[in-house]
Amino acid sequence: MAEGIAFDIAGWLISELSSPVLEQLCLWWNFEDDLDDLKSTISAIKAVLLDAEKQSVASESVKDWLAKLKDAMYDAEDVLDDVRTEALRKNLMSGNKFTKEVRVCFSRSNPFIYGLKMGRKIKAIKARFTSIQSQANMLNLVQRDHPVETSFMDKRRQQSHSFVSKGEIIGRDDDKAALLRLLLEFQSEENVYVIPIVGIGGLGKTALAQLVYNDEMVKNHFELRIWVCVSDVFYVRTIVENIIKSVTDQEPGKNLEMDQLQKQLRDKIDGKKYLLVLDDIWNEERELWISLKKLLMGGAKGSRIIVTTRSTRVAKVTSKCQPHVLRGLSDDDAWFLFKEIAFEQRYADSTNSGFVEIGKQILERCHGVPLVIRTIASTLSFKETETEWLSFKDNELARLPQEDGEILPTLRLSYDHLPSQLKHCFAYCRLYPKDHEFDVQTLVRIWIAQGFVKQSNLSRSLEEIGFEYFKCLVERSFFQEVEEDESRGVTCKMHDLMHDLAESVAGKESCILDSNSNSITSEIDEKCRHVSIDFSLIHLIKGKKLRSLLKFSSRDEYMNDANRDLIISNCRCLRVLELRELELDTVPRSIHKLKHLRYLDLSWNANLKILPKSICKMQNLQVLKLDFCDRLVELPKKIEKLVNLTHLSCVYCQLLTHMPRGIGKLTSLQTLSMFVVDKECSHGAAAADLSELSHLNNLRGKLRITNLGFMKNAREKFKAANLKGKQHLRELILEWGGASDDEEKSLEDLQPHPNLKEFRVIGWRGDAKFPSWISLLTHLVDIDVCGPSKFKHLPSFARLPHLQRLRICDVSELESMDGSEPSGGQGESESFFPSLTFLELINCPNMQSWWRKSPIDDDKDDDKDRRASTMAFPCLSYLCIANCPLSSMPLYPSVKHKLILVNTSSRPLKHTIQMSDTTPSTSSLPLSKLKSFTVGNIHEELDYDTLNEFLQKMTSLEHLEIIELPQLASLPLCLQHLVQLKKLEIKNCSGLRSLFPVFQHLTSLESLSISHCKELELSAEGIQIFEDYTSLKILHLVNIPKCRHLPEWLQHLTNLKELNLVDLPNLTSLPDEMRGLTSLEELDILNVPQLEERCRKDIGADWHKIAHIPRIRAGLVGYGARPNGGQLSIYMQRKRSMKDNTFLSILLPIFVTEAQALKEISTQRRIDWLREESVECNHGRGP
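Residues numbered from 1 in each chain as written. Predicted model: local features only at pLDDT ≥ 70, side-chain atom pairs only at ≥ 80, totals over all residues. Heavy atoms only, no water.

Draft legend 1. Main features of the overall build of the chain. The helix and strand tally for the chain stands at 35 helices and 35 strands. In the chain, which comprises 1183 residues, the proportion classed as buried is 55%. The contacts in the chain between residues at least 6 apart in sequence include a share of 68% that link residues at least 24 apart. If you sum the accessible surface of the chain, you get close to 50500 Å²; carbon and sulfur atoms cover 47% of it. (Helix = DSSP H or I, 4+ residues; strand = E, 2+ residues; numbered from the N terminus. Buried < 20%, exposed > 50% of the residue type's maximum accessible area, 1.4 Å probe, protein only. Contact = heavy atoms within 4.5 Å. Areas by Shrake-Rupley, 256 points an atom, 1.4 Å probe, with all protein chains shown as cover.)

Given below as structure tokens:
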């Protein structure tokens, strides 16, 4: 692939040529002399490779020689892999031991044909290498000693890897201030003003733009902020799609015409003051830029577009103004950054005059470019002596060209100093587009499939070693923006210059075929080994040596049968094949002819129902991805033949009926996302039972076992699954399935290993006793118990030291958590849920007390009750209690993210609020930091005074939702003192009569929603309010019968952007003041028949009052009708984000009440799927 890795390939070939398989074959087919000669030749070539790689920088003839050598090496690898694969296949077919494999198994067919074929290939390869060796002699290449390379992972800095970028943005304060003035203060004649940032690669243009983009003043100044990475290809359609996606957080519709897209774009940005960053533009064609710019000119006065580019020509094309030219860092700032990285682990050396002098001389060659400084400093941080630093300066650095702005040669130095294994891995990243977000787990598995990851220590898995490779590249600044998320894993990006470097070192061996590119070649170079492609261009693949065929585009494509056959017939050397999102309904039977294949991705092909049996002939396959093939009904029989399979991923393959028998023989499996128990034994001997999990002790990540309720001989099979032996599992999900109750089945027999981090049990209808082993799982961070189930008592889980999230849902018979009332001792308090931040208790109608023996005797003994219930969650941040009459529980003074209390008791809240009376030493008052509070249908009557008392303590509240409090006649007076309140929702408060005299004081309120308040009068007659002093932007009025006309105060809502009028039967007209609401962008009029008629476009009596509003939707919405865009968008937005786990069990029923149309589209299957999505994808991610 890249210069510098041939030495590594040669070493592998020599090792493989000495393997027992080849030695046996050579003896049998009598070409051991050829094999010995080949080893000798490659060894001789290897001896001069280091010299060749050094000379290749200046010598084209040596570079050509290296290219021929690598091509021959790759072909030799393919032949040797073919032999090893055939030996493995014969071994599996015969069942005999390896020692008999060659002598017996090969002779069962024709004893000579395969041997002659391989003999000819080896002789041909030998001849090529002999010729290459003679050319080396003519080039006068000399032997160089290769330095003994200790494991580069051992040389890594001894520190835990936090993935924090090295160094904040340094030396850019003046640049930031200048840009802020242009964004916030400069008065332009144009509504939309373009600001170019120009500078060479690596200076930090993108980082500076990000710094400004995320500034708080900028956030508050612009209504919309949009970020789009443009990069090499300036394709107007793609840019428009990405702008729409950034604004709406969803992809625009598929197959839309450009006219439809530009209407969507204008719909989103016209009339709004926006900031758009177009990052990394290369287009210098004025006409292309103008075609985009004219679509963006509808923004409000003060809108800004920031363009980052390396080209002054681009700056002139995009803007008339003087560009902001970014310069290199000052000497002081550059040295500060260099020193921080190079001496990170050796601070004493930073004051050593020898190191300092050499370091500053090296720094001069970095031209003040932050990326180069970081990269060179990272390289030097692994060199610990002055001699090594001096050698780097006088040898490698001295040979670089001196031209200003030549950054790649300097970066290339860091590449040259990479260990050979890492060079493979880095160069491979050239196959992904610029600004691509890498999924590191996927990247590592592809590296492994290509053979880049070497296992020198058998105690560590290849994946663990591969991840160490990645971390080493991060430490050397080859990757950036590394983030780690529990649900998404580790992701990262690569700087554009690093991508350029990867493209440079990969050469012709890798290429991208993008249908949007202006430089599509007629066909792929015959020496190309790795391709990333839009499958519409698959016909361009001619070469037969490809090892990677990746899907370049992230969008859905379609591939016909002819193109599938083309891949299989032309690409027999493939190691990695991505066929995701191609609308496949079948996989060709001939797929097994790709005998070298290690990685096969078939995910997101929703029409795929079955896999061909021939796939089990692919003995080299390591990764099989079937995620979201949601119509797949079964996996292939004889799956045990896939002896090298390590990852079988079938997330959301919900129609799988069973696991194939023999799956338990795949003892190398590390990923098995789902194990499906056969329902009613309907597949007989073809189905695996749970005992096949027994020896799969390398499993890691998540394991979901479904249909446990159907298991026969459950106790025996449960124990045989040996979950206790699976020490690498992170998450275990045990799902009952649809079978009836069976008390003979017990969770006690499904004990996992103590290393488990997440445990979920769903719909358990067996033994009602929760397993005793739960207390042994001291590493648990997440527990989820979802019904229906018969648990009457659950352990409190209080002493699990790392538990962060606890969710109990739909456990209808649950009465309490196990354990007696707390004694209140100090030791008990310190060990009580020490890490819990997230707690949900939903739909547990019989749970009245947390403790099995409640400290509450009767309602009269309130003081005694409060003293007894002093136990509190020490760090809880999110709490939801819904449909659960819990009147006695631990207190929760630390909740700050969200508190939801619906259809429950207010007693614990009252006691929590009153904690400040009994514990005056508390660092902050209870609930004083709470941001969001939802309260509704409280069991004890929650009167005005009590609610007012509660809210008075919540001084940081930003969102308040009040649901079904019929005794509430007016807004609590204390609301006017909640200066941070931005969103207020009031629903089903039948006693509410007026919003005044409180509402006019809520001047920071941005969103107000009122629904189903039958006594509410909206008018404020005689009350002085607003006078253009309001920040209200969203107003929803739903089912308010007494609303006969819109309130007079509406005219003062000068910043209002969205007005929804739904189910207002007595509203007959709109006021003339509507014309004064010039900021209004969206008006919905639904189920208001008389008003709908008056608002008909051009002819309605009220049309002239609302004609200025860009988006107007009107109509009848009821059972059987399609929901309007506003309601549907709200529903879909909540479904997509899944940020609030309570949505489906609490908010969705309320929403359906307000929008009956959802009954039509939300079938039970859809609701069930969404409930599962909420639990599966976002469980416990609240705070």
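Draft legend 2. Local environment of the packing of aromatic side chains. Tallying each qualifying case throughout the model produces 31 aromatic pairs. Relative to Phe438, the ring of Tyr432 has its centre 5.1 Å away and its plane inclined at 65°; by these criteria the two rings are edge-to-face. In this pair, the class of Tyr432 matches that of Phe438, namely buried. Among the aromatic residues, those joined into a cluster by ring pairs are Trp335, Phe338, Phe343, Phe355 and Trp389. We note Lys360 situated over the ring of Trp335; from NZ or CZ to the ring centre the distance is 5.3 Å. (Phe/Tyr/Trp six-rings, centres within 6.5 Å; stacked < 30°, edge-to-face > 60°. Lys NZ or Arg CZ within 6 Å of the ring centre and 35° of its normal.)

Draft legend 3. Up close: the side chain of Ser673. Structurally, the position occupied by Ser673 is in the loop between β16 (671–672) and β17 (674–676). Of note is the side chain of Ser673, whose polar atom sits 2.7 Å from the backbone nitrogen of Cys650. (Polar contact = N/O pair within 3.5 Å; in protein donor to acceptor, adjacent residues only side chain to side chain.)

Draft legend 4. Highlighting the sheet that holds strand β8 (residues 489–493). Taken in spatial order, the three strands make up an open sheet running β6-β8-β7, and their pairing is antiparallel. Of all the strands in the sheet, just β6 (438–439) and β7 (480–485) have a single pairing partner and so form its edges. Here β6 runs beside β8; their pairing, made up of two bridges, is antiparallel. From the neighbouring strand, Phe438 faces β8, where its bridge partner is Cys492. (Pairing = 2+ DSSP bridges.)

Draft legend 5. Summary view of the packing of helix α1 (residues 6–17) against helix α3 (residues 32–55). Orientation of α1 relative to α3, taken along the N-to-C sense of each, is 165°, at an axis distance of 9 Å. By the angle class used here, α1 and α3 are roughly antiparallel. In the crossing of α1 with α3, the sense of the turn from one axis to the other is left-handed. For the pair α1 and α3, contact is made by Ala6, Phe7, Ala10, Gly11, Leu13, Ile14 and Leu17 and by Leu35, Leu38, Lys39, Ile42, Ser43, Lys46, Leu49, Leu50 and Glu53, respectively. Broken down by class, the residue content of the contact of α1 with α3 amounts to 11 nonpolar, two polar and three charged. (Axes fitted to C-alpha atoms, helices over the stretch in contact; angles between N-to-C directions. Parallel < 35°, antiparallel > 145°, perpendicular 65-115°, else oblique. Left-handed = near helix turned anticlockwise from the far one by under 90°. Nonpolar A, V, L, I, M, F, W, Y, C, P; charged D, E, K, R; others polar.)

Draft legend 6. How the structure looks around the sheet that holds strand β2 (residues 224–231). Strand order in the open sheet formed by five strands is β2-β3-β4-β1-β5, and the pairing between neighbours is parallel. Two strands in the sheet have a free side with no partner beyond their single neighbour: β2 and β5 (324–325). Note: strand β1 (residues 192–198) against β5, two bridges, orientation parallel. When the sheet's bridge partners are listed, Ile197 is paired in β5 with His324. Packed onto the sheet, helix α7 (residues 173–184) meets β1, β3 (274–281), β4 (303–309) and β5 and runs at close to 165° relative to β1.

Draft legend 7. Inspection of the pattern of salt bridges at higher detail. A full pass over the atoms with the stated rule returns 67 salt bridges. Asp75 is the salt-bridge partner of Lys545, the closest N and O atoms lying 3.2 Å from each other. Of this pair, Lys545 sits in the loop between β10 (530–533) and β11 (548–551) while Asp75 sits in helix α4 (residues 60–94), and the two are 470 residues apart along the sequence. The class of Lys545 is partly exposed, set by a relative accessible area of 25%. We note a salt bridge from Glu985 to Lys983, for which the minimum N-O separation is 3.9 Å. Residue class for Glu985 comes out buried when judged on its relative accessible area of 7%. In this structure, a network of salt bridges that share partners links the residues Asp71, Asp75, Glu77, Asp78, Asp81, Arg84, Arg128, Arg529, Lys545, Arg547, Arg575 and Arg598. (Salt bridge = Lys/Arg side-chain N within 4 Å of Asp/Glu carboxyl O.)

Draft legend 8. A look at the pairing of β11. Burial along β11 is two-sided: Ser548 and Leu550 facing one way and Leu549 and Lys551 facing the other are all buried. In this structure, β10 lies alongside β11, joined through four bridges in parallel fashion. Its bridge partner lying in β11, Ile533 is registered against Lys551. Of the pairings in the sheet, the one linking β11 to strand β12 (residues 576–578) comprises two bridges and is parallel in character. Residue Leu549 lies in a different strand from β12, and its bridge partner there is Leu577.

Draft legend 9. Summary view of helix α29 (residues 944–953). All of the buried residues in α29 are Leu947, Asn948, Phe950 and Leu951. All buried residues of α29 fall inside an arc of 165° around its axis, so they share one side. Contacts from the buried residues of α29 go to α27 (907–913), β28 (932–936) and β29 (959–963). (Arc of directions from axis to C-beta.)

Draft legend 10. Region of the structure containing the environment of Lys726. As for its placement among the helices and strands, Lys726 is situated in the loop between α24 (714–720) and β19 (729–735). Owing to a relative accessible area of 2%, Lys726 belongs among the buried residues under this scheme. In the structure, Lys726 is positioned 32 residues away from Ser694 in sequence and 9.1 Å away in space, judged by C-alpha atoms. Those residues in contact with Lys726 that lie beyond four places of it in its chain are Leu693, Ser694, Leu696, Asn697, Leu699, Ala721 and His753. Looking at Lys726, its side chain comes within polar contact range of the main-chain oxygen of Leu693, at 2.7 Å. Polar side-chain contacts of Lys726 include one of 3.0 Å to the side chain of Asn697.

Draft legend 11. Main features of the side chain of Arg1111. Relative to the helices and strands, Arg1111 resides in strand β35 (residues 1111–1115). Within the structure, Arg1111 has its side chain in polar contact with the backbone oxygen of Asp267 (distance 2.6 Å). For Arg1111, the contacting residues outside a window of four places in its chain are Asp267, Lys272, Glu1081, Glu1082 and Leu1083.

Draft legend 12. Representation of unusual backbone geometry in the model. The linkage connecting Gly787 with the following residue, Pro788, adopts the cis geometry, with an omega of 0°. Residue position: Pro788 is located in the loop between β21 (782–786) and β22 (793–794). Pro997 follows Phe996 through a cis peptide bond whose omega is 15°. Residue position: Pro997 is located in the loop between β30 (983–987) and β31 (1007–1011). We note that Asp249 has phi near 65°; this positive angle belongs to a residue other than glycine. Secondary-structure assignment places Asp249 in the loop between α10 (236–248) and α11 (258–269). The residue Glu581 is not glycine, and still its phi comes out positive at about 55°. In this fold, Glu581 is placed in the loop between β12 and β13 (599–601). A relative accessible area of 15% means that Glu581 is categorised as buried.

Draft legend 13. Here's a closer look at the pairing of strand β20 (residues 758–762). In terms of residue burial, β20 counts as a mostly covered element, since five of its five residues are buried. Residues Glu758, Arg760 and Ile762 line one face of β20 and the alternating positions Phe759 and Val761 line the opposite face, and both faces are buried. By the bridge criterion, five bridges tie β19 to β20 in an arrangement that is parallel. Across the sheet, the residue bridging to Leu734 is Val761, located in β20.

Draft legend 14. A negative patch on the surface, seen in detail. Among the surface-exposed residues, Glu481, Glu483, Glu484 and Asp485 lie close enough to one another that they form a single negatively charged patch. With a relative accessible area of 45%, Glu483 lands in the partly exposed category. (Patch = residues over 30% accessible without salt bridge, like charges linked within 9 Å, V, L, I, M, F, W, Y side chains within 5 Å. Lys, Arg positive; Asp, Glu negative; His and termini not counted. Charge placed at Lys NZ, Arg CZ, Asp CG, Glu CD.)

Draft legend 15. A positive patch on the surface, seen in detail. A cluster of basic side chains, namely Arg589, Lys613, Lys637 and Lys638, defines a positive patch on the protein surface. Following the sequence through the fold, Lys613 ends up in the loop between β13 and β14 (623–625). Relative accessible area serves as the criterion here: at 66%, Lys613 is assigned to the exposed category.

Draft legend 16. Looking closely at the confidence of the model for the chain. For the chain, mean pLDDT is 82; residues scoring 70 or higher make up 83% of the total. Predicted confidence is poor over residues 147–167, with pLDDT under 50, and the contacts of this stretch with residues over four places away or in other chains come to 52 contacts. pLDDT under 50 marks residues 863–868. Its contacts with residues more than four places away, or in other chains, come to nine contacts. (pLDDT = per-residue confidence, 0-100.)

Draft legend 17. How the structure looks around the environment of Ser905. Residue placement: Ser905 occurs in the loop between β27 (898–902) and α27. Note on Ser905: relative accessible area 5%, which makes it buried. Among residues more than four places away in sequence, those in contact with Ser905 are Cys884, Leu886, Ser887, Ile938, His939 and Glu940. A polar side-chain atom of Ser905 sits 3.1 Å from the main-chain amide nitrogen of Arg907.

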